Amino acid sequence: MTGSPITAAAAGLVPCETCGLLARPASANVPGHCPRCGQELEWRRHRSIQTTWALVIAAAICYVPANLLPVLGTTTLGSTEYDTIMGGVVFLYTSGSWPLALIVLIASVMVPLGKLLALSYLLITVQRGSAKSNRERTRLYRLVELVGRWSMLDVFVDTFTVALVQLQPLMSIKPGAGVIFFAAVVVLTMIAAESFDPRLIWDAETGKES
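Keep in mind it's a predicted model, so treat the numbers as computed, not measured.

### Examining the overall build of the protein chain
Along the protein chain, the regular secondary structure elements total seven helices and six strands. Expressed as a percentage of the 210 residues in the protein chain, the buried residues total 38%. Within the protein chain, contacts between residues separated by at least 24 positions form 65% of all contacts whose residues are at least 6 apart in sequence. Here the protein chain has roughly 12500 Å² of accessible surface; of this, 65% comes from carbon and sulfur atoms.

This is the structure in structure tokens:
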């Protein structure tokens, strides 16, 4: 068979986003509720593209101070030193802990940036009505959803360090302003991934207006 696969929308079915059941809607205008879990059914998430763009732009703005402002302040014998994310990566690398430096670099710098680029790519291709590489773009979206929670690694490291190293007045460690912006980036990108409707990826192929 060489024809294009029939999508759920083309077959008049709507998937439940909670349990995944394909259900036949009560009507075209009001899909109703899922017969299995009772969740309200939607053909497409309302204003998905606009909401996701707003969250991605906000996360991109927060990404700049998250990397420029210090995330950790260390006070030793009256002297205070502040480290940014990249400063911490360089310190870990030069001190011989290159595996940990690599983990922090990937989780705290590359993953959030990659999520922003991936979500922007998905939004642009959907808005342009691209019907190519639908499966690959869907897998990309699932990957963004999967790795989102691991972006908080740097915040976790800072939290544990602050909790463990409290030897005042000899030494104290406090989180910096960069942690707030970094956490904002992670939370905003996670919400952006949830607000994006992956079904829009397939709409161009079926010719369905969204």
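That covers the picture; the talk isn't over yet.
### A short note on a nonpolar patch on the surface
Taken together, the side chains of Tyr93, Trp98, Leu102, Ile106 and Met110 define a hydrophobic patch exposed on the protein surface, amounting to about 570 Å² of accessible area. By secondary structure assignment, the location of tyrosine 93 is in helix H2 (residues 85-94). Its relative accessible area of 58% is what places tyrosine 93 among the exposed residues.

### Re the confidence of the model for the protein chain
With 68% of its residues at a pLDDT of 70 or more, the protein chain shows a mean pLDDT of 76. Here strand S5 (residues 166-167) stands out as the element of the protein chain with the lowest mean pLDDT, 51, in contrast to helix H1 (residues 48-68), whose mean of 93 is the highest.

### Structural notes on the packing of helix H3 (residues 98-127) against helix H6 (residues 177-195)
Running from N to C, H3 and H6 cross one another at 35°; their axes reach a closest spacing of 11 Å. For the crossing formed where H3 meets H6, the hand is left-handed. Listed contacts from H6 to Ala107, Ser108, Pro112, Lys115, Leu116 and Leu119 of H3 are Phe182, Val185, Val186, Thr189, Met190, Ala192 and Ala193. Residues that form the contact of H3 with H6 fall into these classes: 10 nonpolar, two polar and one charged.

### A few points about the nonpolar core
In this structure, Val56, Val126 and Phe196 are the most contacted members of the largest nonpolar core, which totals 29 residues. For this core, the elements supplying multiple residues, two or more each, are H1, H3, helix H4 (134-147), H6 and helix H7 (200-206).

### Things to note about H3
Taking 1.5 Å per residue as the helical rise, H3 with its 30 residues ought to reach 44 Å, and the 41 Å between its terminal C-alpha atoms agrees with that figure. Taking the largest bend as the criterion, H3 deviates by roughly 35°, centred on methionine 110, and proline proline 112 comes between one and four positions later. Immediately downstream of H3, the backbone of glycine 129 shows phi near 70°, a positive value.

### A few points about the pattern of salt bridges
Within this structure, the stated rule accounts for one salt bridge. Salt-bridge contacts for glutamate 145 lead to arginine 142; the nearest nitrogen and oxygen are separated by 3.3 Å. Here the residue glutamate 145 and the residue arginine 142 both occupy positions in helix H4, the gap between them amounting to three residues, near one helical turn.

### Side note on unusual backbone geometry
At serine 133, a position not held by glycine, the phi torsion is positive, near 55°. Topologically, serine 133 is positioned in the loop between H3 and H4. Using a relative accessible area of 42% as the deciding quantity, one classes serine 133 as partly exposed.

The rules behind each value
- Residues numbered from 1 in each chain as written.
- Predicted model: local features only at pLDDT ≥ 70, side-chain atom pairs only at ≥ 80, totals over all residues.
- Heavy atoms only, no water.
- Helix = DSSP H or I, 4+ residues; strand = E, 2+ residues; numbered from the N terminus.
- Buried < 20%, exposed > 50% of the residue type's maximum accessible area, 1.4 Å probe, protein only.
- Contact = heavy atoms within 4.5 Å.
- Areas by Shrake-Rupley, 256 points an atom, 1.4 Å probe, with all protein chains shown as cover.
- Patch = residues over 30% accessible without salt bridge, like charges linked within 9 Å, V, L, I, M, F, W, Y side chains within 5 Å.
- Salt bridge = Lys/Arg side-chain N within 4 Å of Asp/Glu carboxyl O.
- pLDDT = per-residue confidence, 0-100.
- Axes fitted to C-alpha atoms, helices over the stretch in contact; angles between N-to-C directions.
- Left-handed = near helix turned anticlockwise from the far one by under 90°.
- Nonpolar A, V, L, I, M, F, W, Y, C, P; charged D, E, K, R; others polar.
- Core = buried A, V, L, I, M, F, W, Y, C linked by side-chain atoms within 4.5 Å.
- Expected span 1.5 Å × (residues − 1).
- Bend = angle between axes of the 7 residues up to and from the residue.

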